[in-house]
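Okay, here's what each chain looks like letter by letter:
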Amino acid sequence: MNTFTKMFLNLTVVGVVSGVILAVAFNGFDPLIRINKEKELKESIFVVLPEAKDYKVLEKTIGKDKLTIYEGIDAAGQPVGIAFKADGGGFQGNVGIMVGLNLDYLKLKGIKVLDQLETPGLGNRISEPAFEDQFKNIEITPKVEYIKNRKPEKPNQIQAITGATISSDAVVKNINNAVARVLKIFPKQEMLKLGEGTSPASAESKEPKK
Amino acid sequence: MADNTPTLWHEFQKGLWQDIPPFRLVLGTCPTLAVTNSVINGVAMGLATLFVLLCSNLIVSALRKYVAPQVRIALYVVIIALFVTLADMFLAAMFPPISKALGPYVPLIVVNCIILGRAEGFAQKNPVAPSFMDALGIGIGFTLSLAVMGAIREILGFGSIVNIKLLGDWFEPWIVMILPAGAFLVFGGLVALVNYISHRKTAAGTNP
């Protein structure tokens, strides 16, 4: 066997055998990996929409803008709010947050930080409940704001983490950006049609400013 | 078999001290620095590397008579990548939190020089049994190194070990220890310590 044939056979055999093994293993592992990801998503939706028992996935594309939101439904099948992911740059990398929004589009129901690479001990405290819980019932109009070293005064304010303003700012900024996108792509009227029976009259009068 | 056993034992134990990868060979330093901010992360990384090292050493050693030398590195990389991908999928499927904590460092085992180094430097010249022992020794040595690094950094940086609170509230965590700078400090300290001990050993051996 000359060298060329040997090289050719070597690479082909090893490549094909590896490919087959990986294909088989992928078929075995992939469902489990999907289940894990779904579980993580599901848990975070139920954290930001505490009343939800199940959720519906809503997808919509406007132009190039594709957006997925999750509508939480309670035990009686009534919508309780929507959840969506807010991604954006933090201090050291992406900060991904699951955001829960009331159906009246006025207040946040809660947030959960899913991915972050912020500084341990300082910025990564954005994923602690003490910080996340501040966002419960925070008003989104005109937008969410943070203040430093003081207790929040207005209903749309939270207190930034001391020594981690950039990380706190990233969370607030990502939430505002994501909320703005959701308001644009899934306008309130449309969501109310989906959730007939959630007293549309009272919600109608409080149209959020855009 | 009787005269074979000490050799196999030698292949195994050399990875534990004499050739302990990060501190004596200074190989595989990237994961050593990157994922050792806690014991669990360090041990998981070490075990994933051990698995890849064992499998690739076995295959490389078994195939050593059939490999064309011109393409051997390409072959080794494909073989290593196969086992790394398997380890990565396994962690993502079975231990999602660990997989998340280790992030891109599991796929990066492909370019870990310990593994290619053992394939090229040992497995391609030796039969299957010594190659297996070699991989086992080096892999366990690597895992222990990462565990020690992780333990030191976790105790100083979080005041805990394996997530169990070790030091009381009086302890102010040294945040620097869980940051990259802490990795370099601990790594430098351990290399110095290991060298100091082996120098004293050698000195004691030559001047009885």
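Residues numbered from 1 in each chain as written. Chains lettered and ligands numbered in written order. Predicted model: local features only at pLDDT ≥ 70, side-chain atom pairs only at ≥ 80, totals over all residues.

Novice: In this structure, what is going on with helix H7 (residues 113-121) of chain B? I would like to understand it.
Specialist: Because each turn of an α-helix spans 3.6 residues, side chains separated by three or four positions in sequence point in the same direction. Residues and elements named next belong to chain B. Those residues of H7 that fall on the buried side of the exposure criterion are Ile-114, Ile-115, Arg-118 and Ala-119. Across the axial projection of H7, the buried residues extend over an arc of 130 degrees, all falling on one side. Its buried side turned inward, H7 meets helix H2 (21-25), helix H4 (39-62), helix H5 (72-94) and helix H8 (128-158). (Buried ≥ 20, exposed ≤ 12 C-beta atoms within 10 Å, placed from the backbone. Helix = DSSP H or I, 4+ residues; strand = E, 2+ residues; numbered from the N terminus. Arc of directions from axis to C-beta. Contact = placed C-beta atoms within 7 Å.)

Novice: What's the story with the interface of chain A and chain B in this structure? I'm lost.
Specialist: How big an interface is tends to be stated in terms of the accessible area lost upon association of its parts. Across the contact, 18 residues belong to chain A and 20 residues belong to chain B. A breakdown of the residues in the side of chain A that touches chain B according to their chemical character gives eleven nonpolar, six polar and one charged. (Nonpolar A, V, L, I, M, F, W, Y, C, P; charged D, E, K, R; others polar.)

Novice: Can you walk me through the sheet that holds strand S3 (residues 79-86) of chain A in this structure?
Specialist: Remark on secondary structure: sheet strands pair via backbone hydrogen bonds, oriented parallel or antiparallel. Residue and element names in this part refer to chain A. Pairing in this open sheet of five strands is antiparallel, and the strands run S1-S2-S3-S4-S5 from one edge to the other. In this open sheet, the two edge strands, each paired with only one partner strand, are strand S1 (54-62) and strand S5 (108-115). For this sheet, the mean angle separating the axes of adjacent strands, direction not counted, is 25 degrees. In this structure, S3 lies alongside strand S4 (residues 96-101), joined through five bridges in antiparallel fashion. Opposite Lys-85, over in S4, you have Met-98 as the bridge partner. Sitting on the sheet, helix H1 (residues 3-48) touches S1, strand S2 (65-73), S3, S4 and S5, and the angle it makes with S5 is about 150 degrees. (Pairing = 2+ DSSP bridges. Axes fitted to C-alpha atoms, helices over the stretch in contact; angles between N-to-C directions.)

Novice: Please explain the pairing of S2 of chain A as it appears in this structure.
Specialist: A regular strand carries its side chains on alternate faces of the sheet. Residue and element names in this part refer to chain A. In this sheet, S2 lies alongside S1 in antiparallel orientation, the contact comprising nine bridges. Note on S2: the bridge partner recorded for Tyr-55 is Gly-72. Linkage of S1 to S2, two consecutive antiparallel strands, is achieved through a turn of two residues, within which Gly-63 is found at a positive phi near 60 degrees. Summarising the sheet, S2 and S3 pair through five bridges and their orientation is antiparallel. Considered in S3, the bridge of Gly-72 is made with Gly-81. Count of turn residues in the S2/S3 antiparallel hairpin: five residues, of which Gly-77 carries a positive phi of about 85 degrees.

Novice: Help me out: how do you make sense of the environment of Ile-175 of chain A in this one?
Specialist: Residues and elements named next belong to chain A. If you trace the backbone, Ile-175 turns up in helix H3 (residues 165-185). A count of 23 C-beta atoms within 10 Å places Ile-175 in the buried class. Remark: the alpha-carbon pair of Ile-175 and Leu-32, spanning 143 residues in sequence, is separated by 31 Å. Contact partners of Ile-175, with chain neighbours within four places excluded, come to Ala-86, Ile-97, Val-99, Ile-111 and Val-144.

Novice: Quick question: what am I supposed to make of the packing of H4 of chain B against H7 of chain B here?
Specialist: When two helices pack together, their arrangement is given by the angle between the helix axes and the distance between those axes. All names here are of chain B. Where H4 contacts H7, the two axes come as close as 9 Å, and the packing angle between them is 20 degrees. Looking at the two axes, H4 sits roughly parallel to H7. When the axes of H4 and H7 are compared, the crossing they make is right-handed. Judged by residue contacts, Thr-49, Val-52, Leu-53, Ser-56, Asn-57 and Val-60 of H4 engage Ile-114, Ile-115, Arg-118 and Ala-119 from H7. Looking at the contact of H4 with H7, its residues break down into six nonpolar, three polar and one charged. (Parallel < 35°, antiparallel > 145°, perpendicular 65-115°, else oblique. Left-handed = near helix turned anticlockwise from the far one by under 90°.)

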